[in-house]
Amino acid sequence: MRRQWIAGGCAVVVLAVIAFFVTRLKPAAPEVDRATVWTDAVKRGPLLRQVRGPGSLVPREDKIRLIPSETEATVVRIRVLPGAKVEPDTILMDLVDPQLQQELLDAQLQMKGAEADYINTRAKVQSDLMDQKAAAATVGADHNQAQLQAQTDKSLFDLGVISGLTYSASKGKADELTTRNDLEKQRLTLNEKAIETQLAVQQTKVDQAKALLGLKQKQLDALSVRAGISGVLVELPHQVGEHVAPGTTLAKVVQPDQLKASLKIAETQARDIQIGQPAEIDTHNGVINGKVMRIDPAVLNGTVTVDVELAGALPQGARPDLSVDGTIDLDRMTDVLYVGRPAFGNENSTISLFKAASDGKTAVRVPVKVGRASVNSIQVLEGLQEGDTVILSDMSRWDNTDRIRLN
């Protein structure tokens, strides 16, 4: 019995020691299938920083023509449907405006009346001017005759043939006619200027009537709605019989070979974008080179609109509203340590990544300080060395462990 009690006591002690050491053991590292994770090796060299965003092809503002209605009219005929190629003289639709016909006739009559008034005024002022010139010529002739008579009487007075009274009368008449002659010349000059003013007033009325007639004629011609430019008709939002008000957009014509790319870039990535930076636009049927031409100052739904001017020829099938992907080159960094961009982690921050061991069978969590980022790569500042292999996949399932096994 004593030996049994001793053996039982020893067994209890051994079990207690085993239980103590078991409780002190760490849990086994979880296993992760190597095929389900994405890894990349840390490299050193040049890093091209880029940003990427979706967008669409849109017409350039200077290559769009919106055709407004110039008068209140009714659509009577549609000749071309959206999607058709058009030339500047292509008639898209026909409108009718009976009131405009009457206004055009009134403008024609006003034009004729203004021209007739101008002709009558010119004839009248010219007749008055001729009468004025005749009167001035008579005064001039009398003036010359009086001057000659005064000179003759002076000679006779000096010889004592005539009296001084006779000479004084002759000289006074010559002086009077001299004054009248000067006044007639001034009056003639003023009348000529007045005639120019009267004719200018009448000519203004003629020009006004002509401008009104030209406007009505232009409005009448606009009832035959023409494309105005070579391109493609993209919008024709009216039907036959529809009544349109002045200023209503009748049609929209664009030049399909004059497009730009409008990209939506995340606001966190758009801060380094500058006008003139090179870009590439992927139309899913070819890549077009371009450069940044405009950056929208406003943020909408977390994105900034960036317009890219296209430099190359458009690929087959490129048309307005086509979905595209754009990549903008920000700058090129030389001799930096970088790795593929992980699933989570912003630039200029400290993130945690699983670094694979040298045997490739385990991976340990390490803190990594990262710098500036590109589309697919990010700069490594601290925590990794060239040649290290890290897991870039989403590892949020293993946030509570610092070590995993790869199989």
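In case you missed it, the structure is sitting above this.
First, a word on scope: everything that follows refers to the structure included in this document. (Residues numbered from 1 in each chain as written. Predicted model: local features only at pLDDT ≥ 70, side-chain atom pairs only at ≥ 80, totals over all residues. Heavy atoms only, no water.)

1. A word on the pairing of strand S14 (residues 287–295)
At step 1: Of the strand pairs in this sheet, strand S13 (residues 278–282) and S14 are connected by 5 bridges, and their pairing is antiparallel. In the strand pairing of S14, Glu-280 is matched with Asn-289.
At step 2: In the sheet, S14 pairs with strand S15 (residues 303–310) via 5 bridges, with the strands oriented antiparallel. For Arg-294, the partnering residue across the bridge sits in S15 and is Asp-307. (Pairing = 2+ DSSP bridges. Helix = DSSP H or I, 4+ residues; strand = E, 2+ residues; numbered from the N terminus.)

2. A short note on the sheet that holds strand S7 (residues 91–96)
At step 1: Reading across from one edge, S8-S7-S5-S10 is the order of the 4 strands in this open sheet, with antiparallel pairing throughout. In this open sheet, the two strands that pair with only one neighbour each are strand S8 (224–226) and strand S10 (243–244).
At step 2: Pairing between S7 and S8: 3 bridges, direction antiparallel. By the bridge assignment, Asp-94 is partnered in S8 with Ser-224.

3. So, the packing of helix H2 (residues 98–159) against helix H3 (residues 164–221)
At step 1: At a closest axis distance of 7 Å, the pairing of H2 and H3 adopts a crossing angle of 170°. The orientation of H2 relative to H3 falls into the category roughly antiparallel.
At step 2: A per-class count over the contact of H2 with H3 returns 24 nonpolar, 20 polar and 17 charged. (Axes fitted to C-alpha atoms, helices over the stretch in contact; angles between N-to-C directions. Parallel < 35°, antiparallel > 145°, perpendicular 65-115°, else oblique. Nonpolar A, V, L, I, M, F, W, Y, C, P; charged D, E, K, R; others polar.)

4. Description of the environment of Ile-265
At step 1: Within the secondary structure, Ile-265 sits in strand S12 (residues 259–266).
At step 2: Setting aside residues no more than four positions away along its own chain, Ile-265 makes contact with Val-51, Arg-52, Gly-53, Ala-270, Ile-273, Gly-302, Thr-303, Val-304 and Val-306. (Contact = heavy atoms within 4.5 Å.)

5. Comments concerning the pairing of strand S21 (residues 403–406)
Note on strand geometry: in a regular strand, side chains alternate between the two faces of the sheet.
At step 1: Along S21, the buried face is formed by Ile-404 and Leu-406; none of Arg-403 and Arg-405, which line the opposite face, is buried.
At step 2: Of the strand pairs in this sheet, strand S1 (residues 31–32) and S21 are connected by 2 bridges, and their pairing is parallel. Bridge pairing in S21 links Glu-31 to Arg-405.
At step 3: Relative to S21, strand S18 (residues 362–373) runs antiparallel, the two sharing 3 bridges. (Buried < 20%, exposed > 50% of the residue type's maximum accessible area, 1.4 Å probe, protein only.)

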